[in-house]
Amino acid sequence: MTRIWNLLFKSKRLAAFSSPASKFRVNELRSYCDQSHLRPGPLVKYRSLVDQGKLQHDPYQESVASELENLLARLEQYEKDMEEYHVNLANWEKQREDERRRLLMEEVERQQKDEDWLKRLNNKLTERWESRRRPTNMEPGVGKWVSYLKREKKLDSLVGGRPTAPPAPKGIYIYGNVGSGKTMLMDMFYSATEGIVKYRRRYHFHEAMLRINEHMHKIWKNQTEEKPLQSTIAGWIRSLPFDTKAKEWLAAEERYKQEIQMKNILPAVADKFFLDGEENEKGASILCFDEIQTVDVFAIVALSGILSRLLSSGTIIVATSNRAPKDLNEAGMQKEIFQNLVSKLEEHCEKVLVGSEIDYRRFIAQKSENKVQYFSPIETEAINEFEKKWHDVTGRLGGRIISHTISVMFGRTLEVPESCGGVSRFTFDYLCGRPLGAADYIAVAENFHTVFISDIPVMSMRIRDKARRFITLIDELYNHHCCLCCLASTSIDELFQGTEEGTLFDLESFQFETETEGGKLRRNVLAEGRVGSGGAPSGITSILSGQEEMFAFHRAVSRLIEMQTPLYLDGVSNFHPYFQRQHEKLQQL
């Protein structure tokens, strides 16, 4: 590994990348990575694509790639440091829990020796008298709170404080205009971390908010479900040589500890944020967060709590956004909490601007011979070409078309009317004309590497809800690197221009509607773990300003254009989860 970075830095120090020596160094590094089954770093990958003519050189992009390369070079040692930290943390947690139980048992023994303990426990008159003597501002349960704090303080003195995570390399916050290459550069970095960092996750904003909601719901559900008293007594308590009253007291102390933890639910969610259902080990070292936004109060509060926890526990964050951190909250919501979030991001991340005004997705599309994946208008010729494409693709997979049911978050399912292997087909109204949201679109994107969508209309004020869903759908298909084939009423550039009915959104009414709808959806998800009647899970239906909505439109158009290019389509077989799962199965054989 050391040889790789030496080669890299020698390459970087050469004055001109176009020189023969520099090209030799990059080619040597690429060859070494291939032989070692390692992925080239983002700077090498970027320069290679420029060299091949697939990307146009941009000094802003190269600067970001260089920053990401420098971060990558520090990860190998940091990963070793974090492995040692997690071993120490696990030992500390075990020791602390053992000591806590020992203290509880000592308290029980003292109380059992007190001949008046049972009498005081059951004497309601004494309880009433004591309650009258308490100060009027004393909250119920304050005795338990004081007892809990004393116990925690004693544990600190016996076991010591929580181990400190090793100093983490600063992450990178990449911001800039639509199409400037932010997501591309972040994905190059994320791909290069494979085999270097054990715990790593990449989330788009939509999926991150859904995961947060899902974890919050599970934690609340587990804590608030009413259970018989006996079932709430942990096995270690039931086996103790104490009478029933003593065991009930211990169980009550255990429940109180859980209630305290429940009040700090966001750190608990953060601790589970990187874990798959089958994993037992904790934490992750890298979080790549695409399109970070603070579109409503929930997003601000959730991101502040969770990112603060992750950053303080040693997680490195690489994020992209259209805005600098301080400009994320133009609506001025929850200013104090938002400022805490900004402070954390600026403390732990280098801010890097991709300052180009060029939409490189459009530029690449203009330079390349695109494979036809987008057919318009909806007339005989386009319809025939779309149908031919469908039959060609499914024919290569055997041609057996079936309906299929896929799992969605929160225990729901979605019926897929037509599918063949990793290919599916829908109408626009089926996906965007019904109360579906990001969770459904993530499920589609994860299960199918190629998605056909027919009968896409021009977006207008009359179908603004469908337009919102369509933008979210495009985000998720792009985020999962799906191949998208469209049959639409008009060209990509004219899709969001509105119709004779007027522009796409009346922004004043849009903001009011989404604020009302968002509050209802959030309550539905947190209370019931399901999607409400509006269709988009909590945190996804946003209070968007006109500027934010323009970003969303431009992003959707830009991504649709890029999804037609050979550079994007050639990557489907490498990056889509469907093919990654197949690759993992082959490795296990």
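Per UniProt, the comment on the chain under Sequence similarities (unreviewed entry) is "Belongs to the AFG1 ATPase family."

(A) Up close: unusual backbone geometry. Of the consecutive residues Ser376 and Pro377, the connecting peptide bond is found in the cis state with omega at -10 degrees. Mapped onto the elements, Pro377 comes out in the loop between strand 6 (374-375) and helix 18 (380-395). One non-glycine residue, Asp455, lies in positive phi territory at about 60 degrees. By the element assignment, Asp455 lies in strand 10 (residues 450-456). For Asp455, a relative accessible area of 42% puts it in the partly exposed group.

(B) A look at the sheet that holds strand 3 (residues 286-290). Here 5 strands make up an open sheet; going across it, the order is 2-3-4-1-5 and the pairing parallel. This sheet does not close on itself; its edge strands, each paired only once, are strand 2 (200-204) and strand 5 (349-354). The mean inter-strand angle of the sheet, taken between neighbouring strand axes irrespective of direction, is 10 degrees. As paired strands, strand 1 (residues 171-176) and strand 5 are joined by 6 bridges and run parallel to one another. When the bridges of strand 5 are listed, Tyr175 appears paired with Leu353.

(C) Spatial organisation of the sheet that holds strand 8 (residues 412-420). Spatially, 6 strands are ordered 6-11-10-9-8-7 in an open sheet, and the strand pairing comes out mixed. In this open sheet, the two edge strands, each paired with only one partner strand, are strand 6 and strand 7 (402-408). Note that strand 8 and strand 9 (residues 423-427) share 3 bridges and pair antiparallel. Each bridged residue has a counterpart across the sheet, and for Ser419 the counterpart in strand 9 is Ser424. Relative to strand 9, helix 18 is tilted by about 150 degrees, and along the sheet it contacts strand 6, strand 8, strand 9, strand 10 and strand 11 (483-488). Where helix 20 (residues 438-447) meets the sheet, it contacts strand 7, strand 8, strand 9 and strand 10, and its direction lies at approximately 120 degrees from that of strand 7.

Calculation notes
- Residues numbered from 1 in each chain as written.
- Predicted model: local features only at pLDDT ≥ 70, side-chain atom pairs only at ≥ 80, totals over all residues.
- Heavy atoms only, no water.
- UniProt positions renumbered as here; feature names shortened; annotations may be inferred.
- Helix = DSSP H or I, 4+ residues; strand = E, 2+ residues; numbered from the N terminus.
- Buried < 20%, exposed > 50% of the residue type's maximum accessible area, 1.4 Å probe, protein only.
- Pairing = 2+ DSSP bridges.
- Axes fitted to C-alpha atoms, helices over the stretch in contact; angles between N-to-C directions.
- Contact = heavy atoms within 4.5 Å.

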